[in-house]
Amino acid sequence: MKTNRTLAAMSWAHIVGQKKQIEVLRRAVQTNRLASAYLFIGQEGVGKDAVALELAKVLNCLADDALQRAEACDQCESCKQFADLTHPNLEYVFPIEGILVKDISEASKEREKQESALAQYKQLFAEKRRNPYFKMQMEKSMGIVAEQIEELIRKSLYKPSNGKMRIYLISQAERMNTTAANRLLKLLEEPPPFVLFILTTSRLEQMLPTIVSRCQPLRFSALSSAEIAQALEAKSVAPERVAFAASFARGNFYKAQQLLENPLEQQWRNKALDWLRAILASGRELEMIRYIEEFAKKESLREEQLQVLSALLLLFQDALRYRATGTNVDVINRDIVETVIKFSRAFPNADLDAAAAAVEDTIYQLTRNANALLALAALSIRLKAVLNGKPVPA
């Protein structure tokens, strides 16, 4: 099939950053040296799924020179189906609710629950079609279950359509249960020649080592604030809001997009400021304890805890910028710049680097499901010391 290359968009252009990773994959396509299985490793929101889906589209593009250029035409029927996530050669697997794979009769009491889960499943795909950076996750996910891998095994018996390549994209692969992982391992040990496996993970340490060893790793970089800001420039949003979202997102492009669409950053920042005031004010220890207890109760709102910590981290980073330059030019929290300056001047002996590192460490702990009460209490004690220029209590 011939395509008009003057009209065709550069198919990789929508990917934010990851230039080296894209070049590695494109070179492998052009030289016909793709591995049978890849493991894309990197934090959430950096484009692992987006790159995987684009690679899948390239390998199935009907344009005559698609493989030679390692670029999809974005015009043929195959490309349109991949953009819609409906191509028969694409199997997209992610953690689901167990009820979806159950054989439930029409008369069963669980039928309504299954239909509700199926509706949510379809909504997730609708959002993924709109935004490849969207993380697919169900409210009551059981992880990636054995039945999903069994379906991949069954389909691996059949050759793909159009004589192209079947793509098995397993997102959040660390969420596979033991049975599912062991069944996938058998498939990876003897991979069909017409199947490309792409597993993605943000938690390599939770992956089964034998599966990791069967895949070629490709590490994805955290996106810089500049890369995110550049990608957001097309939106009709004030530059200061773009700059804030790009910094607040901490390398996660989807989070940056969400901040612009659903601006809750001021709410999270206000909570961070209230917490910081309770930590630093003398005689307000009881208020600080109550704040931590109330905040830690929101285990179901772990994302809110992480966002408030991110807001706190950005405040410390702004204080560091002001201290280093003596001006407010580089301050991200432009609307509260006076608060940032006042804080910097009020605590001249504060070890801001140590404070930022403490918040980073707590964010890491909470993403690993640490006890929120203990983690937040320890952070409060640590911040009270380092911001007053004192050693951290043993």
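The structure contained in this document is the topic of the report that follows. (Residues numbered from 1 in each chain as written. Predicted model: local features only at pLDDT ≥ 70, side-chain atom pairs only at ≥ 80, totals over all residues. Heavy atoms only, no water.)

1. Quick notes on the overall build of the protein
Of the regular secondary structure elements, the protein holds 17 helices and five strands. Taken over the C-alpha atoms alone, the protein extends approximately 70 × 55 × 40 Å along its principal axes. Across the 394 residues that make up the protein, the buried fraction comes to 49%. Look at the contacts in the protein between residues 6 or more apart in sequence, and 72% of them connect residues 24 or more apart. A total of about 19,700 Å² of accessible surface is found on the protein, and carbon and sulfur atoms cover 51% of it. Each charge class in the protein was averaged separately, 53 positive and 47 negative side chains, and the resulting centres sit 2 Å apart. (Helix = DSSP H or I, 4+ residues; strand = E, 2+ residues; numbered from the N terminus. Buried < 20%, exposed > 50% of the residue type's maximum accessible area, 1.4 Å probe, protein only. Contact = heavy atoms within 4.5 Å. Areas by Shrake-Rupley, 256 points an atom, 1.4 Å probe, with all protein chains shown as cover. Lys, Arg positive; Asp, Glu negative; His and termini not counted. Charge placed at Lys NZ, Arg CZ, Asp CG, Glu CD.)

2. Observations regarding the pattern of salt bridges
Counted under the stated rule, the structure contains 20 salt bridges. We note a salt bridge from R26 to E71, for which the minimum N-O separation is 3.8 Å. With R26 in helix α1 (residues 19-30) and E71 in the loop between α3 (66-69) and α4 (77-83), the pair connects residues that are 45 residues apart, well separated along the chain. One exposure class covers both R26 and E71, and it is buried. For K271, the salt bridge is made with E304, and the minimal N-O distance between the two is 2.4 Å. Placement of the pair is K271 in helix α12 (residues 265-280) and E304 in helix α14 (residues 302-325), with a sequence separation of 33 residues. A residue is classified by how much of its surface remains accessible, and K271, at 22% relative accessible area, is partly exposed. Among the residues examined, E304 registers a relative accessible area of 14% and is labelled buried. (Salt bridge = Lys/Arg side-chain N within 4 Å of Asp/Glu carboxyl O.)

3. Re the sheet that holds strand β2 (residues 90-93)
Strand order in the open sheet made by the five strands is β2-β3-β4-β1-β5, with parallel pairing throughout. What marks the edges here is a single partner per strand, and that holds for β2 and β5 (216-219). Strand-to-strand twist in this sheet, taken as the mean axis angle between neighbours without regard to direction, amounts to 15°. The pairing of β2 with strand β3 (residues 166-170) spans four bridges and is classified as parallel. Residue pairing for β3: L90 is matched across the bridge by I167. Sheet contacts for helix α6 (residues 146-155): β2 and β3; angle to β3, the most-contacted strand, approximately 170°. (Pairing = 2+ DSSP bridges. Axes fitted to C-alpha atoms, helices over the stretch in contact; angles between N-to-C directions.)

4. As for helix α10 (residues 239-248)
Since one α-helical turn is 3.6 residues long, residues separated by three or four positions face the same way. If you check which residues of α10 are buried, you get V242, F244, A245, A246, S247 and F248. Where α10 is buried, its residues contact α9 (225-232), α11 (253-261), α12 and α14. Count one or two residues on from α10 and you reach R250, which has phi positive near 55°.

5. Side note on the packing of α1 against helix α2 (residues 48-60)
Two packed helices can be described by the angle between their axes and the distance between those axes. Two numbers describe how α1 lies on α2: the axes approach to 11 Å, and their chain directions differ by 20°. What the angle tells us is that α1 and α2 run roughly parallel. Of the two possible hands of crossing, α1 and α2 adopt the one that is right-handed. Counted together, I22, L25 and V29 of α1 and V51, L55, V58 and L59 of α2 form the full contact between these two elements. Tallied by class, the residues present in the contact of α1 with α2 amount to seven nonpolar, no polar and no charged. (Parallel < 35°, antiparallel > 145°, perpendicular 65-115°, else oblique. Left-handed = near helix turned anticlockwise from the far one by under 90°. Nonpolar A, V, L, I, M, F, W, Y, C, P; charged D, E, K, R; others polar.)

6. Description of α12
An ideal rise of 1.5 Å per residue puts 22 Å on 16 residues; α12 measures up with 22 Å between its terminal C-alpha atoms. The set of residues buried in α12 consists of E265, W268, R269, A272, L273, W275, L276, A278, I279 and L280. If you follow the buried residues of α12, they end up packed against α10, α11, α13 (285-296), α14, α15 (337-346) and α17 (372-387). (Expected span 1.5 Å × (residues − 1).)

7. Description of the nonpolar core
In terms of nonpolar packing, the biggest core is built from 109 residues, with W275, F316, L383 and L387 touching the most fellow members. Examining the composition of this core, we find that eleven residues originate from one element, α14, more than from any other. When residues no more than four places from it in sequence are discounted, the contact partners of W275 are Y291, I292, F295, V308, L309, L312, L376, L379 and S380. Within the second largest apolar cluster, 24 residues are counted, among which are V93, I144, A173 and C215. (Core = buried A, V, L, I, M, F, W, Y, C linked by side-chain atoms within 4.5 Å.)

8. Remarks on the environment of T210
Looking at the element boundaries, T210 is found in helix α8 (residues 209-213). Separated by 22 residues in sequence, T210 and L188 place their C-alpha atoms 10.0 Å apart.

9. Some words on the packing of α13 against α17
Two elements in contact, α13 and α17, have axes whose closest approach is 9 Å; the angle formed by their N-to-C orientations is 145°. Seen from above, α13 lies across α17 with right-handed handedness. Across the interface between the two elements, E285, M288, I292, E293, F295 and A296 of α13 pack against A372, L373, L376, A377, S380 and K384 of α17. Along the lines of polarity and charge, the residues of the contact of α13 with α17 split into eight nonpolar, one polar and three charged.

10. With respect to the state of the cysteines
Applying the stated criterion to the full structure yields zero disulfides. In this structure C73 is a free cysteine whose sulfur lies 3.6 Å from that of C61, the closest cysteine sulfur available. For C73, a relative accessible area of 0% gives the class buried. C79 takes part in no disulfide bond, and the closest cysteine sulfur, belonging to C76, lies 3.6 Å away. (Disulfide = S-S within 2.5 Å.)

11. Thoughts on the environment of E97
Along the chain, E97 turns up in the loop between β2 and α5 (111-130). When its relative accessible area of 10% is taken as the criterion, E97 is described as buried. Distance in space between the C-alpha atoms of E97 and Y121 is 9.0 Å, their sequence separation being 24 residues. Setting aside chain neighbours within four positions, we find E97 in contact with A117, Q120, M138, E139, K140, S141 and M142.

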